[in-house]
Amino acid sequence: LLRGVLTARAAGLTSAVAGAADARVVVATALIDDGRLLAARRTRPEALAGRWELPGGSVEAGEDEADAVVRECKEELGADVEPCGRLGTDLPIDAGLLRVHLARLRPGSAPPQPLDHSALRWVSASELDALPWVDADRAVLHDLRAALP
Ligand code: DCM
């Protein structure tokens, strides 16, 4: 019986790990400048429109996560950012897995513009909770507060 249980557990573990490896990775950028975090208001899909997020998007096939952060911030914000490490744990979302990366603006970067969002806001640690975040991003607020002064 014990062997059966262990085998079943091992099989379950294997499929869980395989599932994670197959999952699409979405990167989200915790862009911090002058002690504040950049929050962006989504326009789509309808269920998420008006909710706030950390800007980002899907990692492309063969792309490094940090490169995806740089690309998405250029596309969505027109800004040049420098990723500087992961924040928090992997978060399960409908689309796969969300991974948050800390980043800062590169010297000389244009200020972020809402090229793909309906608004941008620089928020301090004490303002984080009040924003209507998308669910996955709300789960990293605790870690974000720790990363802000
Ligand atoms: N997503 C999220 N939080 C983010 C960025 C994205 O929950 N900070 C989710 C929303 C979508 C999916 O990831 O379901 C893909 O994002 P996008 O539509 O921005 O490419």
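These remarks concern the structure in this document. (Residues numbered from 1 in each chain as written. Predicted model: local features only at pLDDT ≥ 70, side-chain atom pairs only at ≥ 80, totals over all residues. Heavy atoms only, no water.)

## A look at the layout of surface pockets
Part 1: Counted as a void, the largest pocket has a volume near 620 Å³.
Part 2: Together, 27 residues line the largest pocket, and V26, R42, L48, E53 and I93 are the ones closest to its centre.
Part 3: Broken down by secondary-structure element, the contributors of at least two residues to the lining of the largest pocket are strand 1 (25-33), strand 4 (56-58) and helix 3 (135-138).
Part 4: Of the residues assigned to the lining of the largest pocket, the class counts are twelve nonpolar, five polar and ten charged. (1 Å grid on protein atoms, 1.4 Å probe; cavity = no way out; pocket = protein on both sides within 12 Å on 5 of 7 lines; lining within 4 Å. Points joined across faces, edges and corners; volume = space filled by probe spheres on them. Helix = DSSP H or I, 4+ residues; strand = E, 2+ residues; numbered from the N terminus. Nonpolar A, V, L, I, M, F, W, Y, C, P; charged D, E, K, R; others polar.)

## Concerning unusual backbone geometry
Part 1: In this structure, the amide linkage connecting R44 to the following residue, P45, adopts the cis form with an omega of -15°.
Part 2: Relative to the elements of secondary structure, P45 occurs in the loop between strand 2 (36-41) and strand 3 (52-53).
Part 3: You will see that D34, though not glycine, has its phi angle at about 55°, which is positive.
Part 4: Turning to its location among the elements, D34 is positioned in the loop between strand 1 and strand 2.

## What about the site of the ligand?
Part 1: Looking at the ligand, there are 13 residues lining it, with R42, E53, L54, I93 and D137 nearest.
Part 2: Here R44 contributes a side-chain N or O atom positioned 3.4 Å from an oxygen atom of the ligand.
Part 3: One of the side-chain N or O atoms of D137 is found 2.7 Å from a nitrogen atom in the ligand.
Part 4: Compared with its free state, where it exposes 440 Å², the ligand has 81% of that area covered by protein.
Part 5: Contributing elements (two or more residues each) for the shell around the ligand: strand 1 and helix 3.
Part 6: Looking at side-chain class alone, the shell around the ligand contains nine nonpolar, no polar and four charged residues. (Near = heavy atom within 4 Å. Polar contact = N/O pair within 3.5 Å; in protein donor to acceptor, adjacent residues only side chain to side chain. Areas by Shrake-Rupley, 256 points an atom, 1.4 Å probe, with all protein chains shown as cover.)

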